[in-house]
Amino acid sequence: MRLKTSHLKEPKHKELVSCVGWTTADELYSCSDDHHIIKWNLLTSETTQVVKLPDDIYPIDLHWFPKNIGGKKQSQAESFVLTSSDGKFHLISKTGRVEKSVEAHCGAVLAGRWNYEGTALVTVGEDGQIKIWSKSGMLRSTLAQQGTPVYSVAWGPDSEKVLYTSGKQLIIKPLQPNAKVLQWKAHDGVILKLDWNSVNDLILSAGEDCKYKVWDSYGRLLYSSQPHDYPITSVAWAPDGELFAVGSFHTLRLCDKTGVRNVINDAVDLLEFRDRVIKASLNYGHLVVSTSLQCYVFSTKNWNTPLIFDLKEGTVSLILQAERHFLLIDGGGIYLYSYEGRLISSPKFPGMRTDVLNAQTVSLSNDTLAIKDKADEKVIYLFEALSGKPLGDGKPLTHKTEITEIALDQKGLTNERKIVFIDKNRDLYITSVKRFGKEQKIIKIGTMAHTLAWNDTSNILCGLQDTCFTVWYYPNTVYVDKDLLPKTLYEKDASEFSKNPQIVRFVGNQVTIRRADGSLIHLNISPYPAILHEYVSSSKWEDAVRLCRFVKDQTMWACLAAMAVANKDMTTAEIAYASIGDIDKVQYINSIKELPSKESRMAHILLFSGNIQDAEMLLLQAGLIYQAIQVNINLYNWDRALELAVKHKTHVDTVLGYRQKFLEDFGKKETNKRFLQYAEGLEVDWDKIKAKIEMEIAKERERAAATPAVRASVTVQR
């Protein structure tokens, strides 16, 4: 992407242009010291004079009222605030009518900004005051008083705090009284301009020291430019937070570029569009391009005949692609399209704000769409991609702290879909998207994580943790055997990537990382784990074992062990565990094989993975009451074991016998009232208990032996 600049033969304004504001991607309003407000149409190159202001009004700053608040257009959205040198701000309609003028500051009003909800306006001035106003222009409070002029101001993404300049300092002040104020020295000269992006939560600042800088919301420096020849007088984020513009004397800079090239044969295709290109995304064999009016879908096999359809709004802020479809987000909503241009769905949720969504807060797979809620950042809304309806019971996924980044895995069955997310503590969590009527297990798999990406062809996850690049070859291991997870990781020192690198994409066995200076680094990981995933998804277990024997890598064996247990293939699991030396688990797997019934074996496989409740439920449904009781005895879940025995009126003496033996081994006396109650008048006879247990096992064997015969007879009858 590059800036296209052009000069008119005759300027439309006769004096200095002091401020501009976009209404749409193709419409712009400008104000000048000549007192005129002009509307520019970029599609037709037409200009229209909207209004001539009174001669005593010299404009300084302009900001449009936010559009599409909560998914609804506001009537006031067709207006803007204009600050001026006479100490006033003016509320002006799109047609040029001055609705209201308000005496605001002593001296010039240097900046004015609506908050993101359109419920409040902040102004700053030469008098050093920061004032909060209602949307109708009534003074609510004077937030702060500085001894020097305040040149620029911005709202925080949550509209709960305000960022403003104070000489060489930047100050973040919450609206709540007595809340902690954050202040730091940001430049060596007076700070002239700042901007705070609501999508990426990053701050831009520019000053008379001829530098522009990028900060996080805690005041930590992420990037500092080299000194320019002249002071930096303006900075502004693109709404999606991916690019920003920097203005200085005779200088305008944009900080990114993209292009299309076939790297296989080095052929270059020049794609020309009727209108201005706003967004582009290349993935899964398709290039999706949004202009101000239309969307173009190219196949990488044919660049000559794109599929084209019209857009409802020409302000696309995000394009996300999955293998089967893609997502467009604009000011009006979220739209899922097939690569044939058919609208599939348009998911919505209460209070949805599309203006703050980006690639870190929205994730798309073939069957699921996940969106982080801006109103409550602990919440993730999950939708069925094809219908746009909320997933399952409609309840969103809720975490204990605020979430900063989310990502859905891309391959596999819908019922096995996983989502990972990073919270504000920089902890990395994984959970299932489908809940099956119970609470999701949210499990931590990493710490100090700040960027991540799923592989495009297999469910392999990579991320940066502190100064370490980590690849989770099989993240699902955490649901199968937690002890195995560390053995399924690949780790590499990431200090060479400098501060704050970002993972751009993870395609095949190559990871692309962007450093803070904008340079791209490509890392190659082992291709074998992806091949292993492919074999397992096709149930080619012999090929999987052969591959691990060929590679001779403990990480591969650990992945295969977890994959085999997850798919209930205990023969392969036994081979894999033996290869990594987990002898106790090999012995347990052998004991599972010797169990008499299929239900018992399945239950103990679930126990092996830590799914105690599922295992118990399976045994109870199969009528194996003793087995369910014994499972709880083995896990020392004494209360549950006694509860099952009493409920089903069997093996109460067995539970009491094992409980007594347990207490005797530790030299303790019974204090549990329930056990004391049932022990009264009940004699524990170990001979009877053993006989009963043997009878239960014999019954189970008989039933297991009879089951195939019944199935055979059914087959014959058919």
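Quick caveat: nothing in here was measured; it's all calculated off a predicted structure. (Residues numbered from 1 in each chain as written. Predicted model: local features only at pLDDT ≥ 70, side-chain atom pairs only at ≥ 80, totals over all residues. Heavy atoms only, no water.)

### Some remarks on the pattern of salt bridges
Considering all chains together, one arrives at 26 salt bridges under this definition. Residue E78 is joined to K94 by a salt bridge in which the shortest nitrogen-to-oxygen separation is 3.7 Å. With a gap of 16 residues between them, E78 in the loop between β5 (59-64) and β6 (79-84) and K94 in the loop between β7 (88-93) and β8 (98-103) connect regions that are remote in the sequence. A relative accessible area of 26% means that K94 is categorised as partly exposed. (Salt bridge = Lys/Arg side-chain N within 4 Å of Asp/Glu carboxyl O. Helix = DSSP H or I, 4+ residues; strand = E, 2+ residues; numbered from the N terminus. Buried < 20%, exposed > 50% of the residue type's maximum accessible area, 1.4 Å probe, protein only.)

### Some remarks on the nonpolar core
Core analysis: the biggest nonpolar cluster contains 46 residues, and C462, F469, F497, V511, L532, L560 and Y577 have the highest contact counts within it. For this core, the element with the most residues is helix α4 (residues 554-566), which contributes ten residues. Not counting the four nearest positions on each side in its chain, F469 is found in contact with C462, G463, L464, Y490, E491, K492, A494, F497, V511, I513, L523 and I525. One finds I625, I629, L644 and A645 within the second-largest nonpolar core, a separate group that totals 21 residues. (Core = buried A, V, L, I, M, F, W, Y, C linked by side-chain atoms within 4.5 Å. Contact = heavy atoms within 4.5 Å.)

### Here we look at helix α11 (residues 652-665)
The end-to-end C-alpha separation of α11 is 20 Å, in line with the 20 Å expected for 14 residues at 1.5 Å each. Among the residues of α11, those classed as buried are V652, D653, T654, V655, L656, G657, R659 and L663. At the exit of α11 stands G667, carrying a positive phi of roughly 65°. (Expected span 1.5 Å × (residues − 1).)

### Observations concerning helix α2 (residues 528-537)
Buried within α2 are the following residues: P529, L532, H533 and V536. Across the axial projection of α2, the buried residues extend over an arc of 100°, all falling on one side. Buried residues belonging to α2 abut α3 (541-551) and α4. Of the residues one or two after α2, S539 is the one with positive phi, at around 60°. (Arc of directions from axis to C-beta.)

### A look at the confidence of the model for the protein chain
Per-residue confidence for the protein chain gives a mean pLDDT of 86, with 93% of residues at or over 70. This stretch, residues 709-718, has a pLDDT under 50; its non-local contacts, to residues over four places away or in other chains, come to zero contacts. (pLDDT = per-residue confidence, 0-100.)

### Focus on the sheet that holds strand β27 (residues 302-310)
The antiparallel open sheet is built from four strands, whose spatial order is β24-β25-β26-β27. Each end of this open sheet is capped by a strand with a single partner; those strands are β24 (277-283) and β27. The sheet shows a mean angle of 20° between the axes of neighbouring strands, taken without regard to direction. Of the strand pairs in this sheet, strand β25 (residues 286-291) and strand β26 (residues 294-299) are connected by five bridges, and their pairing is antiparallel. Bridge pairing in β26 links V288 to V297. (Pairing = 2+ DSSP bridges. Axes fitted to C-alpha atoms, helices over the stretch in contact; angles between N-to-C directions.)

### Describing the environment of Y223
Looking at the secondary structure, you find Y223 in strand β20 (residues 221-224). Classification of Y223 as partly exposed rests on a relative accessible area of 31%. Sequence separation of Y223 and L110 is 113 residues, and the distance between their C-alpha atoms is 26 Å. Every residue in contact with Y223, bar those within four places of it in the chain, is listed here: Y212, K213, V214 and A516.

### Remarks on the sheet that holds β6
Spatially, four strands are ordered β5-β6-β7-β8 in an open sheet, and the strand pairing comes out antiparallel. With partners counted over all chains shown, the strands left at the sheet margins are β5 and β8, one partner each. Pairs of neighbouring strands in the sheet enclose a mean axial angle of 20°, with direction left out of account. When β7 meets β8, the two strands line up antiparallel, connected through five bridges. In the sheet register, L91 faces β8, and the bridge partner there is K100.

### Details of the environment of N524
Tracing the backbone shows N524 in strand β46 (residues 520-524). Given the relative accessible area of 55%, N524 is considered exposed. Sequence spacing of N524 and V511 is 13 residues, and the spatial spacing of their C-alpha atoms is 6.3 Å. The contacts of N524, once residues within four sequence positions are left out, are N509 and Q510.

### A word on unusual backbone geometry
Phi is mostly negative for residues that are not glycine, and the peptide bonds are mostly trans. Of note, the phi angle at D466 is positive, near 55°, even though the residue is not glycine. Looking at the secondary structure, you find D466 in the loop between β41 (461-465) and β42 (468-472). One non-glycine residue with positive phi stands out, namely S539, at about 60°. By the secondary structure assignment, S539 is in the loop between α2 and α3.

### Looking at the pairing of strand β19 (residues 212-215)
Of the two faces of β19, the one holding Y212 and V214 and the one holding K213 and W215 are both buried throughout. The pairing of strand β18 (residues 203-207) with β19 spans four bridges and is antiparallel. In the strand pairing of β19, S205 is matched with K213. As consecutive antiparallel partners, β18 and β19 are separated by four residues, and within that stretch C210 has a phi angle of approximately 70°, a positive value. Between β19 and β20, which pair antiparallel one after the other, the connecting turn spans five residues, and G219 there sits at a positive phi close to 85°.

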